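# Examining the three-dimensional arrangement
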Amino acid sequence: MCGITGYIGYRDAFPIIINGLKRLEYRGYDSAGVVLYDGNQINLSKTKGKVSDLLKKFDSDTSKVGNLGIGHTRWATHGEPNDINSHPHTSQSGNLVLVHNGIIENYNSIKQELIGRGYSFQSDTDTEVLVNFIEEIKIQNNVKLGKAVQIALNQVVGAYAIAVFDIDKPDEIIVAKLGSPIAIGVGKDLEEFFIASDASPFIEYTRNAIYLEDGEMAIIKKRREVIVKKIDDDTNVDAKVQELQMNLGEIEKNGYEHFMLKEIHEQPRAITDTFRGRLLPEEGIIKISGLENNMKRFLNAERIIIVACGTSWHAGLVAEYIFEEFVRIPVEVEYASEFRYRNPIITERDLVIAISQSGETADTLAAIKLAKSKGAFVFGVCNVVGSSIARENDSGVYTHAGPEIGVASTKAFTTQITVLTLMALRLARAKGTMTSADYRMYLQEMERIPAKVEKVLEMDAKVEEIARKYLLSTNCLYLGRGYNFPVALEGALKLKEISYIHAEGYPAAEMKHGPIALIDDRMPVVVIATSRGHYDKVVSNIQEIKSRSGKIIAVVTEGDTVVRDIADHVIEIPDTEEALSPLLTTIPLQLLSYYIAVMRNCNVDQPRNLAKSVTVE
Ligand code: M6R
């Protein structure tokens, strides 16, 4: 939930670290800090706030010189966001400097022990405890930094990605990982090395990266080598250098005001990329290798359990409707955070699908481990290649949405639904639960979806106009039925997370069991009323809201005349099969929350209190 970056080599570390932190700010933006070492002294600057605040501070009081440095952008866990709790943290002697992403669960007992040995602490963080613990071990055992880190981490309980250096040994940085990601960029001829929570900070310097696995540490020696070791038994690991596929354009705004808007508009391309090589309508083929290789597992499964959080959980709910209808297999969708702690009944005959954009969500990761321990086969749907969840699953599929940087998930959602729909169609054919005519029809309609999404995006200006009317609302209801009930939940989540307007999603028919009491002339109600999905029933729900003076924003199928007469605003989308409609209906809801948030001057890409990947439980 925090971002780490670092550099050791022959260049100025400062711009590399600052640009890296800006790219990692999606991971947390409560505070930021950088430390540079110029060969004589360390220059440390840290502050509450964003990297832009840090830059101001750096300009006024600190030197920017140094070929070695580490930086941090924080999502606060232990200790409120303030200057003192910001990273990097130094040890009591001032010799060791450390940044950390994760949580040291037993920090308090270690802290008490260190206090007993004369240490005192400035901050409330677990990280300051860790850096002093490493220092104490180094002094007591008279060992080098690498060994001290290893001994310390073997006594630590929790999750971490750390980078630490010793000013007495300025040609070396030690990194280590358990539960939080860390990548090492390997420069040409081993002349320089980069460290980051993901590869985006160093993409313009090198295409070669080593991703540490859980339980590994690396000793990075300037102009020499990277030695990767297992933390528990000190054995050397033959770490693979991977070639990065990411492009710089994918992680920049490319002229859009916000990443969220860019990512909303990228959806036709992202969905097409999700299809690529997998959807072949001419041949009547869907080919997803992770699925093909495990077809028996899927066909023999008695039940599918989907685990996920947030928007990915909403994609799981859409998948529940699709799998049950197409494949006729029972599906349960669970919040990963509940599933992992409620002693669920899981057997070897269950198949678990874990959905995660980032592939780093702590609760989803823990749910996967639990399911595996009970013998279930776990299949992952992830966006981030090589992420912890992608590696932990038994098999899986990537969505290929490209980097999603806006904290609010948009293209991740539609590409997750896309890939899950392809899987359901493929399984339906294999199981014989769908006629070949329907199967072919769906394949062809799937192929038309990106063009239809493009068409929905043409509504952008109209949605912006509607947003202007509701920017001062304090509450909002979202209603949908069937496949579009999860879309209502997703629309409400989008609005609340970026505009801070209270919003709730409901199955349209549930409204009369309670929420209808909230309706008055100040309550906007967004209703998904597409022509194929229980249309008449939804129209009746709209009438019920109208008779109580609620304001209706309706998402309807092109050519609709009935709802147009009742609703205050209509947003038309192209016709499609009901099962595929979430891929279209969700787009105007994304735009609506985006424009409302922008008009309320909210930080759309970095909403308060949130972070892109939630690596703490
Ligand atoms: O990376 P994941 O898909 O596992 O993340 C799950 C949620 O944290 C995420 O979807 C969150 O709800 C988004 N901010 C919603 O826009």
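As the structure is a computational prediction, the values presented were derived from the model and not from experiment.

So, about helix H14 (residues 411-431). Across its 21 residues, H14 extends 30 Å between first and last C-alpha, which sits within 8% of the 30 Å expected from 1.5 Å per residue. Residue Gly432 follows H14 closely and has a positive phi angle near 75 degrees.

Pairing between side chains becomes possible if they bear opposite charge and their charged atoms approach one another. Summed over all chains, the structure comprises 39 salt bridges. Arg23 is the partner of Glu204 in a salt bridge, and the nearest nitrogen-oxygen pair spans 2.8 Å. Of this pair, Glu204 sits in the loop between strand S10 (193-196) and strand S11 (208-211) while Arg23 sits in helix H1 (residues 13-24), and the two are 181 residues apart along the sequence. Arg23 gets classed as buried once you look at its relative accessible area, which sits at 15%. Overlapping salt bridges, with partners in common, bring together Lys262, Glu266, Arg269, Asp273, Arg276 and Lys411 in one network.

A complete count under the given rule lists 9 aromatic pairs for this structure. Measuring from ring centre to ring centre gives 3.9 Å for Trp313 and Tyr335, while their planes differ by 15 degrees; the resulting arrangement is stacked. On the criterion of sequence distance, the pair formed by Trp313 in helix H10 (residues 310-327) and Tyr335 in strand S19 (residues 331-335) is long-range, its members being 22 residues apart. For Trp313, a relative accessible area of 11% puts it in the buried group. The ring of Tyr439 carries the charged tip of Arg429 above its face, separated from the ring centre by 5.4 Å.

In this section: the domain arrangement of the chain. Under the domain assignment used here, the chain contains domain 1 (3-244), domain 2 (253-456) and domain 3 (458-606). Computed from C-alpha atoms alone, the centre-to-centre distance between domain 2 and domain 3 is 25 Å. If you look at the interface, domain 2 gives 40 residues, while domain 3 gives 36 residues. Approximately 3300 Å² of surface area, both sides summed, lies buried where domain 2 meets domain 3, with 68% of it carried by carbon and sulfur atoms.

A few words now on the sheet that holds strand S8 (residues 172-178). Taken in spatial order, the 7 strands line up as S5-S6-S7-S8-S12-S13-S14 in an open sheet, and their pairing is antiparallel. Across the chains shown, the open sheet's two edge strands, defined by having one partner strand only, are strand S5 (89-90) and strand S14 (236-237). Sheet topology note: the strand S6 (residues 96-104)/strand S7 (residues 158-166) ladder contains 9 bridges and is antiparallel. Following the sheet pairing, Gly102 is matched in S7 by Tyr160. This element, helix H4 (residues 126-141), spans S5, S6 and S7 of the sheet and lies at about 125 degrees to S6.

Across soluble globular proteins, you tend to see nonpolar side chains buried next to one another. Among the nonpolar cores identified, the biggest contains 90 residues, and Phe323, Phe326, Ile353, Met423 and Tyr478 are the most heavily contacted of them. Each of domain 2 (253-456) and domain 3 (458-606) accounts for three or more of the residues forming this core. With residues up to four places along the chain from it excluded, the contact list for Ile353 reads Phe298, Ile304, Ile305, Ile306, Val307, Phe323, Phe379, Val381, Leu420 and Met423. By size, the runner-up hydrophobic cluster in this structure holds 28 residues, among which are Tyr107, Leu114, Ile174 and Ile219.

Burial runs high along strand S20 (residues 350-356): 7 of the 7 residues are buried. Of the two faces of S20, the one lined by Asp350, Val352, Ala354 and Ser356 and the one lined by Leu351, Ile353 and Ile355 are each fully buried. The pairing of strand S18 (residues 303-308) with S20 spans 5 bridges and is classified as parallel. Its bridge partner lying in S20, Ile306 is registered against Ile353. Looking at chain direction, S20 and strand S21 (residues 377-382) are connected through 6 bridges and run parallel. Looking across to S21, one finds that Val352 is bridged to Val378.

A few words on the site of the ligand. The full set close to the ligand counts 15 residues, and Ser312, Ser356, Ser358, Thr361 and Glu497 are the nearest of them. Contact between the ligand and Gln357: an oxygen atom at 2.7 Å from a main-chain N or O atom of the residue. At the level of elements, H10 and helix H17 (485-499) are the ones that each hand at least two residues to the shell around the ligand. Looking at the shell around the ligand residue by residue, the class counts come to 5 nonpolar, 8 polar and 2 charged. Two domains each donate at least three residues to the shell around the ligand, and these are domain 2 (253-456) and domain 3 (458-606).

On to the pairing of strand S12 (residues 216-221). Looking along a regular strand, one sees the side chains alternate between the two faces of the sheet. Among the 6 residues that make up S12, 6 are buried, leaving the element largely enclosed by the rest of the structure. Across the two faces of S12 the burial is the same, with Glu216, Ala218 and Ile220 and Met217, Ile219 and Lys221 all buried. As defined by bridge partners, S8 adjoins S12 across 6 bridges and the pair is classed as antiparallel. From the neighbouring strand, Ile174 faces S12, where its bridge partner is Ile219. In textbook terms, the turn of a hairpin is the stretch between consecutive antiparallel strands, and for S12 and strand S13 (residues 225-230) this stretch comprises 3 residues, one of which, Arg223, has a positive phi near 55 degrees.

For the rest of this paragraph, the subject is the environment of Ile251. Here Ile251 is to be found in the loop between strand S15 (242-243) and helix H6 (259-265). Ile251 gets classed as buried once you look at its relative accessible area, which sits at 7%. When the C-alpha atoms of Ile251 and Ser531 are compared, they prove to be 38 Å apart, with 280 residues separating the residues in sequence. Once residues lying within four places of it in the same chain are set aside, the contact partners of Ile251 are Arg23, Ser200, Ile203, Met246, Phe259, Lys262, Pro403 and Ile405.

What counts, and where the lines are drawn
Residues numbered from 1 in each chain as written. Predicted model: local features only at pLDDT ≥ 70, side-chain atom pairs only at ≥ 80, totals over all residues. Heavy atoms only, no water. Helix = DSSP H or I, 4+ residues; strand = E, 2+ residues; numbered from the N terminus. Expected span 1.5 Å × (residues − 1). Salt bridge = Lys/Arg side-chain N within 4 Å of Asp/Glu carboxyl O. Buried < 20%, exposed > 50% of the residue type's maximum accessible area, 1.4 Å probe, protein only. Phe/Tyr/Trp six-rings, centres within 6.5 Å; stacked < 30°, edge-to-face > 60°. Lys NZ or Arg CZ within 6 Å of the ring centre and 35° of its normal. Domains from an automatic or database assignment. Contact = heavy atoms within 4.5 Å. Buried area = accessible area lost by both parts, 1.4 Å probe. Pairing = 2+ DSSP bridges. Axes fitted to C-alpha atoms, helices over the stretch in contact; angles between N-to-C directions. Core = buried A, V, L, I, M, F, W, Y, C linked by side-chain atoms within 4.5 Å. Near = heavy atom within 4 Å. Polar contact = N/O pair within 3.5 Å; in protein donor to acceptor, adjacent residues only side chain to side chain. Nonpolar A, V, L, I, M, F, W, Y, C, P; charged D, E, K, R; others polar.

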